[in-house]
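Spelled out, the chains give:
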Amino acid sequence: MNIKKVAHIALSGALVCSMFSSSVWKVGATTETSSSRVDEILSKMTTKQKIEQKIMPDFRQWKNDGESKTHDLTEMNDDLRKIMETHDFGGIILFGDNTHETDKIVRLIDDFQKAATKPRDDNANRLPLLVSIDNEGGTVFRVDTGTAMPGNMAIGATKDKNAAYLDGKIIGREEVALGINNNFGPDLDTNSNPLNPVIHIRSISSDPNLVADLGVEIVKGIQDQNVAATAKHFPGHGDTSTDSHTGLPTVDKSYEEIKQLELVPFQAAIDAGIDMIMTAHIAYPQIAEKLETKSGELITAPATLSRVFLTDILRKDMGFEGVVVTDSMTMQAIVQYFGDAEAVVMAFQAGVDIALKPTVINCPSSIKDMDRIIDYAVQAVEDGRIDEKELDASVRRILELKEKRGILDLNEDNRTIEEKIANAEAIVGCEEHRRIERNVAEQAITVIKNDEEVLPFNPKANEHVLLIGAYENEVPGLKLGMRQAIADGKISDKVTYEAINYNKNTTLDSLKPYIDKADYVITITEMGDATSLKPDHWITRVPTEITQYANEKGIDNVLMSIHKPYDVANFKDAKAIVAAYGSRGMDPTALDDPNGTLPSKVYGANIPAAVNVIFGKQAQGILPVDIPSINENHEMVVNDILYPIGHGLKYQENAGEFKVNAKGLLNKDPFTLTVQGEDLQQITKHNYRIELIMDNEHFELSSKDSLTVKDNVLVFDFKANEKPIMKFDVKPLFNKGAYAPIKEVRIYDYKDRSFLPTNDVSKTTVGYLPQKMTLYSKDRKTSATGVFEIGTQFDTLTWASSTLEEFKKEVDVKLKDTQELKQVKELKFSYDGNGFTPQGEYQIAISMDSSWKDGNYKVVGIYKNGDTKVLDAKIEEDAFVFALGDYDYYGIIDEKGGETIIPPKDPTEPPHTGDSTSVMFMIGVLTLSFGGIVYLRKKAIGK
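Keep in mind that this is a model prediction, so the values were computed, not measured. (Residues numbered from 1 in each chain as written. Predicted model: local features only at pLDDT ≥ 70, side-chain atom pairs only at ≥ 80, totals over all residues. Heavy atoms only, no water.)

1. Description of the nonpolar core
With 116 residues, the main nonpolar core has I51, M84, F112, F234, F309, L314 and F348 as its most contacted residues. Dropping the residues within four chain positions of it, F309 is found in contact with F234, P235, I258, Y284, I287, A288, A303 and L314. One finds L455, F457, V542 and A605 within the second-largest nonpolar core, a separate group that totals 55 residues. (Core = buried A, V, L, I, M, F, W, Y, C linked by side-chain atoms within 4.5 Å. Buried < 20%, exposed > 50% of the residue type's maximum accessible area, 1.4 Å probe, protein only. Contact = heavy atoms within 4.5 Å.)

2. A word on helix α7 (residues 161-178)
For α7, which comprises 18 residues, the first-to-last C-alpha distance of 26 Å matches the rise-based estimate of 26 Å (1.5 Å per residue) to within 8%. In terms of residue burial, α7 counts as a mostly covered element, since 15 of its 18 residues are buried. Regarding α7, its N-cap is D160, as a side-chain oxygen of that residue lies 2.9 Å from the backbone nitrogen of N162 further along. At the C-terminal side of α7, G179 shows a positive phi close to 105°. (Helix = DSSP H or I, 4+ residues; strand = E, 2+ residues; numbered from the N terminus. Expected span 1.5 Å × (residues − 1). Polar contact = N/O pair within 3.5 Å; in protein donor to acceptor, adjacent residues only side chain to side chain.)

3. Some thoughts on the sheet that holds strand β6 (residues 182-183)
Strand order in the open sheet formed by six strands is β4-β5-β6-β7-β8-β11, with parallel pairing between adjacent strands. For this open sheet the edge positions go to β4 (91-94) and β11 (323-325), each flanked by a neighbour on one side alone. Where strand β7 (residues 228-234) meets strand β8 (residues 276-279), three bridges bridge the pair, whose relative direction is parallel. Bridge assignment links F234 to a residue of β8, and that residue is T279. The strands touched by helix α11 (residues 307-317) are β7, β8 and β11; relative to β7, the strand with the most contacts, the crossing angle is about 125°. (Pairing = 2+ DSSP bridges. Axes fitted to C-alpha atoms, helices over the stretch in contact; angles between N-to-C directions.)

4. A closer look at the packing of α7 against helix α16 (residues 417-427)
At their nearest, the axes of α7 and α16 sit 8 Å apart, and the two run at 160° to each other. As the angle between them shows, α7 and α16 are arranged roughly antiparallel. When the axes of α7 and α16 are compared, the crossing they make is left-handed. Along its contact with α7, which presents R173, E174, A177 and L178, the element α16 presents K420, N423, A424 and I427. (Parallel < 35°, antiparallel > 145°, perpendicular 65-115°, else oblique. Left-handed = near helix turned anticlockwise from the far one by under 90°.)

5. Section: the side chain of R434
Structurally, the position occupied by R434 is in helix α17 (residues 431-444). For R434, a relative accessible area of 1% gives the class buried. Polar contacts involving the side chain of R434 include one to the main-chain carbonyl oxygen of S600, which spans 3.2 Å. The contacts of R434, once residues within four sequence positions are left out, are T145, G146, T147, G429, L598, P599, S600, K601, V602 and Y603.

The analysis is restricted to geometry; functional conclusions fall outside its scope.
Shown next as C-alpha cells:
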C-alpha cells in the first residue's frame, strides 16, 4: 500500500483513536527493498551529498543573528528553510523544545520535509528526511501532547511481553501520526550497576535476558507501526558510573564478559530485525583500540569511534546489517578529546552511518560550523582517509531504510496539512492510549515492604489522607491518583485529602500540623545520585522524619519511591514502601477538566498508579533489579542484596476455603453446624471478625446464647492467631428438598478490610437422606441391608450393614481399598473413588422416607450423552428395585416434578437435573441428589 492510498483511507471515515485501525494513522507502509532504485539514487549523488546524507542535525533552539537569547523552535522560518533547501541532510532530530503542540509539530515536520525535497537548480535527488526523536517512554519522552507510557524499568517490573509490545505500539503509532519515522528507542542497556548516573530507570532491568525479551517486544511494537526503532546505547551503558554527557565512562570488561551481559539484548534485537543501533561514548579498554586525542594523548577509543566495536563486533560477529547512528557528538565524552570535524571523520572510519548532532545550529550564521565539518569529511574522502566503497555501502544502508519505511515515497502523500493535523489530533494522546498507559503503569507498581499488613489503605468516610510530594510538579499527580481511586470505588467520596510538597528547607515542625490531622500519610521519595542517600540530604531527611513522626502518632503511612528504586533500602523505619519507577511530574494544565481522571497531555502515569495500588488496586509488579543494602554510612553495598530481582509483595485477595459441615437429615431435630476457615493467611496475624449470613427462611438458631446476632447475620470476633472455628445449633424448617444454611461468609481483618472465601458456601446444602439401601444377589436369595449416615462436609456417605460380609462373598462385591475390610459392617463411598466396584450382576433397592412418596417416580438408565430409557423397576414398600444393565448411570426421576436430565461435560461426573438447589454427590458407585433425584453409577470414578 502506498502513501496515496493510505491518505484516501484515512479520510474516508471519522478520525478516531482505534488500536485496530492502522489505516487511519499510518503514513507509509513497509515495502521490499528495491536495490535498482537505491542504486540509481546513489549513482547520481556527489560526495558532498553522500556526506550530508550521513549527518543528522538538530534545531531545538533558534535565534536570529544579533539576538541575545534563543527560543524553542516550533515553527519553520526563512533562514532555516534556506538551510534545509541548500543541504541534503539525511535526517533531523526533534527535542522537547520543538514538540509542544500537536498541530505545530505536524506543521513543523511537514515544512522540514518540503524544504528537504524542494527541487534545486543542480538537479540533485532531493530526498525526504529521517525524522527522529528520543521517545524511550517515561522520563525520556519529548512530545508534550503524547502518551509517554510509564518507562522502561516500569515495563520491566510488569515482566509482561504484551505490556512491552503495547508500549512500543503506542509510541510508534503516535509518531507516525505526527510525521516522525524514526524513534531513538528502546534503551537496551542492562542496568547492572546501581550507581549508574544516567541510565537507571531508562533500563528495563539488571537481567540481560529480561531486557532482551521485553526490549524485542518494544521493538516489534514500534516497527509494526512502520517506524524505524533504534536500540541504544551499544555496546552497553548500564555498568557505568560516569555520565557520557559530562565525561568519558570506562568499563573494564573483556569481550567474553560483555557477550554474557551487555551484548545479549542487542543481539536479540538484531535477530528480531531492528532497523537502527545507536552507539555509546564509552571506553572498553580491554576490547577497543587506542586513539590519539587532539592533545596528542593516547586513550581507549569510545565505542562510537571504535572500528573494533562497530565493524569487527557489531557488523561481523553480531551480523547487524542495519543503520548505525551515534549518540550526540556534542557530548563531553567526545568533544573534550577530539575536534568536532575530526570526531565525525573518525566515527565514519569506525563504521558509523549517521553522525548525530555534530555541532549546534541555533542561528543563521551557525550553519558555517556544520559546513566546515561537511567540507572536512569530504576532504577526508578525497584524501583516502574515508574509504569510498565503505562510504557508498553506508549511504546505501540509509537509503534502503528510507525505502523500507516508505520515506522515499513521502511526496506521494497528497493530504492537505489540515487533514494531517486532524489525523494527528485524533490519535496523539487519545483516551484509548491514556487508558492503556494507566493500566500498564498500575501493573508495574511493586510493593517492596508491607510490615503489619499496613497496605492497602482502607480509609472510611470523613477520614483524611495527606499526600506529600518531593517537588511541586508531583502534587497534581498525587491528586489525580486520589480522584481515580474515588472514581473507581476503591475509597469513599467522603474521604478528604490534601496534597503538598516538601523541599530542602522543609522542617518536620512545618509538616506536623498537616500530619496531625491525617489518618493516612503517603510520602514520595526520589533518589538522585548516591549523595542523596545521606541522612542529612533533604530527599532522605524529610521522608525519614515524616515516617518516624507518623509511626509515633500511630498514623498509617507509606513511602512511594518514584525514581531509582535503590532508595527503598534506605528507610528502615518505614512499615510500607512501594516502587513506581517513574519520576515524571504533571502540569495541572494537562487536565482539560481540573477534576477529571484522565489527562489530555503528557504526564507521569506512575505516581497516580502508585496511589491507586496503595488504596487497594492489586499490586502486580516485581523488582526488575537487585536492591543492595545500605550500610551505616548510607552507602550502597552492591554485593549485599536486600531485595532480590523478582521480589514483590501481593495483597491478600481472599480468605481461603471455608467448610460447612452440613448434615444429612433424618428428621427435624436440631443439629450442630460447624463453619471453619481453612487458610486465612495474614488475616489471623491480628484480631479479626467473621460474619455468617444465615438462611432464615429454612433454618433457625436453636439458641442465641453466647452468640452475636444482627438480623440474619452471626458475628464472631477472634483474637490474633485464634483458629476460625464457629459452632452453633440450628433447626431445619423445611420438610423436603435441600438448602444451604449459610448463604455467605464475610471476613474482616484488623484494618476492617473485607475478604471473601474462595468457595461458595451456599452450595453446601442440608437435605433429607435416603433411609436405607439393600443390595440383592441376582436370584434375590442373598441380600445386605443398611442405613446411611452423612460424613463431615458431605465428603463421605457411610452405609452400614450387619450382613455385608456374607453378601459380599455371594455376589463378589470388590472393595477398592482393602483397609475397608477391617470394618466388615461398614462400607464407605467417597469423592476420590475409594468406594466399591460391582462385579457380576445384581439388583439394587433404594428406599426413601415417606416425604418422597407423593411423587410419580420412574427408574431410568442413563448414558453419558444424556440418552435415557425407562427401566422395568418394581416398587416394594418404600423401595425401588431394579437390575443393572449396560448404562453409565441410573436415575430415579420424578415425572411429576418435570425435571430435565442434563448430560455431564466431564465423563467422570454424573448427569444432573435442572434443579440448581440440588447437591450432587460423587461417592463411588452411588451418586445422590437431595433435590429429588437419585443416581446410581455403574462404575467407580476414573474407571
